[in-house]
Every structure is written in structure tokens, then in C-alpha cells.
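An overview of the molecular structure
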Amino acid sequence: MILSSDGLSAGNMLMQLMMVLGGLGLFLYGINQMGDSLKTIAGDRLKIFIEKTTNTPLKGILVGILVTALIQSSSGTTALMVSLVRSGLMTFPQAIGVILGANIGATVTSFIVSLNIEKYSLLFVGVGALIIFFIKSDKIKEVGKIIFGFGLLFFGLQTMGDALNVILKAYEAQTTSAFAFLSKVPILGLLIGTGVTAIVQSSSATISILQTLYQQGTIAIIGAIPIMLGCNIGTTVTACIACVGGGVQAKRTATVHVMFNVVGAVLFMILLWPFSKLMELIEASLLSGLGTRPRMTIAICHMLFNVITTIVMFFFIPLMVKLANRLIKDKPDEKQTILDELLDYSLIEKSPTLALSFAKKSVDYMCKCVTEYVQMAKNYSFEKKRNFETDPAELEKTINSLDKRIHDYLIKLTLMDLSVTNSHLLSAYLDTIKDLERIGDHCTNIFEFFDERYETNKELSIDGKQDLEQIYEVLLNMVNVTIESFYHWDKELALKANQYEEEIDKLEVVFHHRHVHRINSGACSYLNADHYVEILSNIERMGDHLKNISDSIVADEYCKFDEFNH
């Protein structure tokens, strides 16, 4: 049998390393399971709660603490903030407060780990499993998953700790020397903490390993603090990944997160010696009677770092905003990248509710594009010049692209386990983009009709022009009211839009007859009559599609399921 230098067999060494890795996996899975189930129990209101209660930095900090304690992941909270900013559901300054609070909320996990309940871990796993498999209620099943995840967290921690203990004892001389070196070269500990956290994507996992090492007396507090500081830098990697491909505001949000954690770590590295002495004093005086004293010391250390850093950085929020704005400058072609920022496919599995919010914002943007296209078609009907800010052909392509992309996104979202509320909203959005795309087609028809008229120098008669101006005025009023009712899911506005549709129908019939009369009376020549009836018909059909949109809002089964704007 092959032996290591200290007598631990190679096979046994491999087994211990597998236990460390397996324990880490169980810990991470337990944390994620707890967070996912807590989010499910919190329901769709969690996102709305974040949006509505972060109007000041202080409120944002409190929300960040609460949400991170709930989902057990500061990285998850920060990534959520970046996603909300990307979708336009939250502003960049709003997100900063939540990010500051998320770091404090992350300390909850280290306090949980400090509890000496590893011996009961399998009991929690068993109780959780029984609830999951034998209880029919979905909500109670989620509670079972929380208990199951809680048990796995501690079982993984115990497995990892036991294996680390065997390895550290087998190589006691080498590990003592290595960690003593870390105490003398703090910057190395900072880099190790940053690297490990960046790899495992969880500061909670790295902190728990650090707590185990400190509990076993392997590392001194002055060597543990830099690793803990590095964990806070490493956790910013998730936010950086979340902003890849995002817009300027999302990148600024991630930049502030990095800025906050790096500045805080540098500040405490400068104050490393007095801070380590303070922690030794706290451990010796306040925690002397606790059996989990070393683990609790690291938890308190982690909490103090984040609380102090948050208090200090709170007063520099305006400065951080200015600095982020300078580092990440606005792009002159930012409007052109909006299509790439509207839909985030990574959220479909992580948070279907948030993904549906992205879809709503995308449909809102499609509404804006269609409104602009209708206005352009109206202007072109009376003036040959095509000096529009946006090329009509490009706008048509944008509308068609939005139709396809939003449709594909919503279809993928139907595969998720959505609530009845969200299923009805998704259905409404699918119907709406279909109607919006058809309105765009009718605008294209009008452009083509007038292209042909202008090429052959066919002018509208004075009466024909007045009739067309009148029906366009009603159509544009209907467009604006319908789109506004969709933005805010306003039933009263939707009912008003339906009244416009009735007026358009009447005007189309009347103006059709008047057009025929003008031709018969000679007031309008046959040559100048080309496409006039088709133009009226296209305007009337636009009204029909707008009515479809407003009807979905008026219908009770949709109206009562509004989750986004009230």
C-alpha cells in the first residue's frame, strides 16, 4: 500500500478529500434548497416588495438584510438586483442600498453555522424527507424542503469538518506552518479567500470552512480575518457574471458592489491588528461560556465587518454613484442594445415570476414601438417627406423581432410551474404581442399605399384628407389610451379605449360612403381614388386589434390577476 509522508495511506487521503468535497456539496445544496423554498413560500410578492420598499437608501439596506437572510445568499440578492436594474424594474441608486444590506444579511448563515446542532442534522433530514414525500399540500412540502435543506447544511458541515480534522491531524506540522505563514502574510489570506469564494460562488461556504478551521485551532484570528475579507470580495463575482451582456445601469450596479466590498476589505486590512485584538477580547470576555465560541467569533467578526463598512459607506452613496457613472459611461447607441437587455433567459428557471416581469417590460417596449410606428404612418399619409428620426423599415423589423423573441420567451416560461395568476397574465401577454404585430403590419400596408400614391403624384382630395385626418385622430387617441391602460392594467382606461373603437367603426363606414359619393359626383377622379378604401380598412382593423388588447384588461379573469402595477 502506498503511504503519504505522515503515514496516511493514499487511498485514505483520497477518501478524506472526497468527504470534504461531498460535505461541501451537501452544504451548498442545503443552503440553496432552504433559499429556494423560502422564496417559494414568500411567493410572487417578494419581487414586488423589493420594488416598492426601496425608495430610499436606508429602506434599501433594511430590505437587503431581510431578503438575504431569507434566501440565504448575498450573491443571489445582488444578482437579483442586477436583474431588476437590467429589466428597468428598479433604478441604479435604488439597488445600491439593497446591495449594502445584502452583505449584512449574509452574516446570518455564519451565525446558523455557529449553532452546535450537527448531531441532530440527520433528524432534520429525515423529518424533512417525510414531509416532502407524504404530505400533499404544496406549501407544507416547501416547509419540508426547508427542514430538509437545514439538515443537509449541518450534515454537510459535519462531514466536511470531520474529514478536514483527519487531514489536518495527519499533516499537523505542515498545516500549522502554512497557516502560521498566512498570519504573517495577510495579503495571501485575502487572495485565498477571494479565489475560493469566486470558485464555489458562495461566501457562506468559505466562511463555514473558515469557522471549522478556527474551531479546530488550526488558524489564528489574525490569519482568519484576511480570508474572511477575501470572501466578501470573491462574492462579487456573481454580480459581475449577472451583468454580462447587460446595459450600462446593470454594469454600474455590479461596479458599486465590487467597489463596496473591495474598499471595505482594504480598510479592514489596514486596521487588521487592532481589529484582531478586538475580536480576541470579545472571544475571551463575551463568548467564554459558549461551547461554539470559536465559530461564533468568526460569525461576529463577519457581522462587525459588514455592519461597520455599511455604516461608513452609507454616507458615500452619492459619491459611489458618481464614480460608477464615470467608470461606466453611457453608450451613444444604448437604444440599439435594448433588445438584448429585455429578456433574461437565466431567470426562467431561477425565478419565473421575475421572468414574467421581464416579459411585461418587453411587451411595454413593443407597445412603445407600435405607438411610434402608427404616428409615423399617420404623418406619412399627409406628407411625402420621410425625415423620421427612426427608419420605418427598421422599426417594422424591431416590432417583428420583438414579437418572435417575446413569444419564444413566454412559450419557454409556460413550461415552468406558474401560479394561476401568472398563467393568466402570460396568456394575456401572448395575445397582446400578436395584436401589436398585426397593427405593425397594417402600418406597413399604409406606408406601401402612400409610397405608390406619391410615386404617381396622386393627391388626396380636400374632403378625403379631412376625413382621413379625423379618423386618424380617433385612432391615435385609442392607441394612446389602450397602451396606457396596458402599462398600468387600468380597467377604466380600457373601457374608454373600447368607446374609441366603436367611433372608428362608424367613421370607417361613413367615410367609405362619402368616398364613393365623391367619385360618383366627380369631386374625386378614379385615378386619385387608389387605395383610399384599403387605407380606411387598415385603420379600422388597427382599432379591432387595439380592442382585443383592451378587452383582455376589461375581462375579470385578467383584471383580478394583476400583480405588477398596483
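Just so we're clear, the structure is a prediction, and the values are computed from it rather than from any experiment.

Let us now look at the overall build of the protein chain. Tallying secondary structure elements over the protein chain gives 26 helices and zero strands in all. With 566 residues in all, the protein chain has 52% of them scored as buried. For the protein chain, long-range pairs separated by at least 24 residues make up 81% of all intrachain contacts whose partners lie at least 6 apart in sequence. In the structure as shown, the protein chain presents an accessible area of about 25900 Å², 62% of it carried by carbon and sulfur atoms.

Attention shifts here to helix α7 (residues 121–134). The periodicity of an α-helix, 3.6 residues per turn, causes residues three or four positions apart to be oriented the same way. The terminal C-alpha atoms of α7, which comprises 14 residues, lie 20 Å apart, in line with the 20 Å expected from a rise of 1.5 Å per residue. Every buried residue of α7 is accounted for by S121, V125, G128, I131 and I132. What you see down the axis of α7 is that its buried residues fit within an arc of 135 degrees, all on one side. Those residues of α7 that are exposed and aimed more than 90 degrees away from the buried face are L122, L123, L130, F133 and F134.

Counted according to the given criterion, the structure contains nine salt bridges. Salt-bridge contacts for K277 lead to E280; the nearest nitrogen and oxygen are separated by 3.6 Å. On the criterion of helical spacing, the pair formed by K277 and E280 is a turn pair, its members being three residues apart in helix α15 (residues 272–285). We note a salt bridge from E394 to K397, for which the minimum N-O separation is 3.8 Å. Here E394 and its partner K397 are both found in helix α21 (residues 392–413), three residues apart, which amounts to about one turn of the helix.

So, about the packing of aromatic side chains. The geometry of an aromatic ring pair is captured by the separation of the ring centres together with the interplanar angle, meaning the angle of the planes. Under the criterion given, the structure shown has twelve aromatic pairs. A ring pair is formed by F268 and F275, whose centres lie 4.9 Å apart and whose planes are at 80 degrees; its orientation type is edge-to-face. On the basis of relative accessibility, which here comes to 4%, the residue F268 falls in the buried class. Each ring, one from F382 and one from Y472, has its centre 5.8 Å from the other, and the planes form 75 degrees; the classification is edge-to-face. Within this pair, whereas F382 is found in the loop between α20 (352–380) and α21, its partner Y472 is found in helix α23 (residues 462–488), the two being separated by 90 residues in sequence. Taken together, the ring pairs connect Y373, Y380, F447, F450 and Y454 into an aromatic cluster. Here K360 stacks its cationic end above the ring of F486, 4.9 Å away from the centre of that ring. When the ring centre of Y532 is taken as reference, the NZ or CZ atom of R518 above it lies at 5.6 Å.

Formed by 69 residues in total, the largest nonpolar core has its most connected members in V374, L410, L468 and L475. Residue assignment for this core shows that the elements contributing at least two residues are α19 (347–350), α20, α21, α22 (420–455), α23, α24 (491–521) and α25 (532–554). Here this core gets 16 residues from one element, more than from any other, and that element is α20. Ignoring anything within four residues of it in the chain, the contact list for L410 reads L356, A359, L426, Y429 and L430. Core analysis: the second largest hydrophobic core is formed by 28 residues, I219, F275, I282 and I300 among them.

Attention shifts here to the packing of α23 against α24. Running from N to C, α23 and α24 cross one another at 165 degrees; their axes reach a closest spacing of 9 Å. Looking at the two axes, α23 sits roughly antiparallel to α24. For α23 against α24, the interelement crossing comes out left-handed.

Chain-level pLDDT for the protein chain is 80 on average; 81% of the residues reach the 70-or-more range. A low-confidence stretch, residues 1–5 (pLDDT under 50), is modelled with eight contacts involving residues beyond four sequence positions or located in other chains. Here residues 558–566 is modelled with pLDDT under 50, and outside its nearest four sequence neighbours on either side it reaches 31 contacts, counting other chains as well.

The next point concerns the environment of V474. Mapped onto the elements of the fold, V474 is located in helix α23. Relative accessible area serves as the criterion here: at 6%, V474 is assigned to the buried category. A C-alpha to C-alpha distance of 10.0 Å links V474 and A497, two positions 23 residues apart in sequence.

Direction vectors running N to C along helix α12 (residues 221–234) and helix α14 (residues 248–270) enclose 165 degrees, while the axes themselves pass 8 Å from each other. Here α14 runs roughly antiparallel to α12, going by the angle between their axes. The interaxial crossing formed by α12 with α14 has left-handed handedness. Two secondary-structure elements touch here, α12 through P226, L229, N232 and I233 and α14 through N261, V262, A265, F268 and M269. Each residue belonging to the contact of α12 with α14 can be placed in one class, and the counts come to seven nonpolar, two polar and no charged.

Here we take up unusual backbone geometry. A positive phi is found at W489, a non-glycine position, where the angle reads about 50 degrees. Secondary-structure assignment places W489 in the loop between α23 and α24. W489 sits in the buried class, given a relative accessible area of 3%.

Moving on to a nonpolar patch on the surface. On the surface, V262, V266, L267, I270, L271, I308, I311, V312, F315, F316 and L319 cluster together into a nonpolar patch covering about 990 Å² of accessible area. Of all the secondary-structure elements, those providing two or more residues to the nonpolar patch are α14 and α16 (293–314). Inspection of the secondary structure puts V312 in helix α16.

This brings us to the environment of L347. With respect to the helices and strands, the residue L347 is situated in helix α19. Once the C-alpha coordinates of L347 and L413 are considered, the two residues, 66 residues apart in sequence, prove to be 9.6 Å apart.

Moving on to the side chain of T107. With respect to the helices and strands, T107 occurs in helix α6 (residues 107–114). Among the residues examined, T107 registers a relative accessible area of 4% and is labelled buried. At 2.6 Å, the side chain of T107 forms a polar contact with the backbone oxygen of I104. If we skip the residues at most four places from it in the chain, T107 touches H302, M303 and N306.

The rules behind each value
Here the residue numbering is sequential within each chain, running from 1 through the sequence in written order. The predicted nature of this model means local features are confined to residues of pLDDT at least 70 and side-chain atom pairs, given and counted, to a pLDDT of 80 or more, with totals for whole chains, interfaces and linings taken over all residues. As a rule here, side-chain values come from all non-hydrogen atoms in the structure, and water together with hydrogens is ignored. Per the convention used, a helix needs a DSSP run of H or I reaching at least four residues, while a strand needs a run of E reaching at least two, with both numbered from the N terminus. Burial classification: accessible surface area is computed with a 1.4 Å probe over protein chains only, and a residue below 20% of its type maximum counts as buried, one above 50% as exposed, and the rest as partly exposed. By definition, residues are in contact when any of their heavy atoms lie within 4.5 Å. Each accessible area is a Shrake-Rupley result for a 1.4 Å probe, and residues are judged covered by the shown protein chains and nothing else. Every helix has an expected span of 1.5 Å times one less than the residues it contains. Directions drawn from the helix axis to the C-beta atoms are what define this arc. Criterion for a salt bridge: a side-chain nitrogen of Lys or Arg within 4 Å of a carboxyl oxygen of Asp or Glu. When the centres of two rings from Phe, Tyr and Trp lie within 6.5 Å, Trp using its six-membered ring, the rings pair. Their planes under 30 degrees apart give stacked, over 60 give edge-to-face, and anything left gives tilted. Two thresholds decide whether a charge sits over a ring: the Lys NZ or Arg CZ must be within 6 Å of the ring centre and within 35 degrees of the ring normal. Only buried residues count toward a nonpolar core, which is a set of Ala, Val, Leu, Ile, Met, Phe, Trp, Tyr and Cys residues joined through side-chain atoms within 4.5 Å. To obtain each axis, a line is fitted to C-alpha atoms, and for helices this fit is confined to the stretch in contact; angles are then taken between N-to-C directions over 0 to 180 degrees. An angle below 35 degrees is read as roughly parallel, one above 145 as roughly antiparallel, one from 65 to 115 as roughly perpendicular, and any other as oblique. In this scheme the crossing of two helices becomes right-handed for a clockwise turn of the near helix relative to the far one and left-handed for an anticlockwise turn of less than a right angle. pLDDT measures the predictor's confidence residue by residue and takes values from 0 up to 100. Residues are grouped as follows: Ala, Val, Leu, Ile, Met, Phe, Trp, Tyr, Cys and Pro are nonpolar; Asp, Glu, Lys and Arg are charged; all remaining types, including Gly, are polar. Candidates for patches are residues over 30% relative accessible area with no salt bridge; among them, like charges are joined within 9 Å and nonpolar side chains (Val, Leu, Ile, Met, Phe, Trp, Tyr) within 5 Å. Think of a polar contact as two N or O atoms within 3.5 Å of one another; within protein, one of them needs to be a possible hydrogen donor and the other a possible acceptor, and neighboring residues in sequence only count if both atoms come from side chains.

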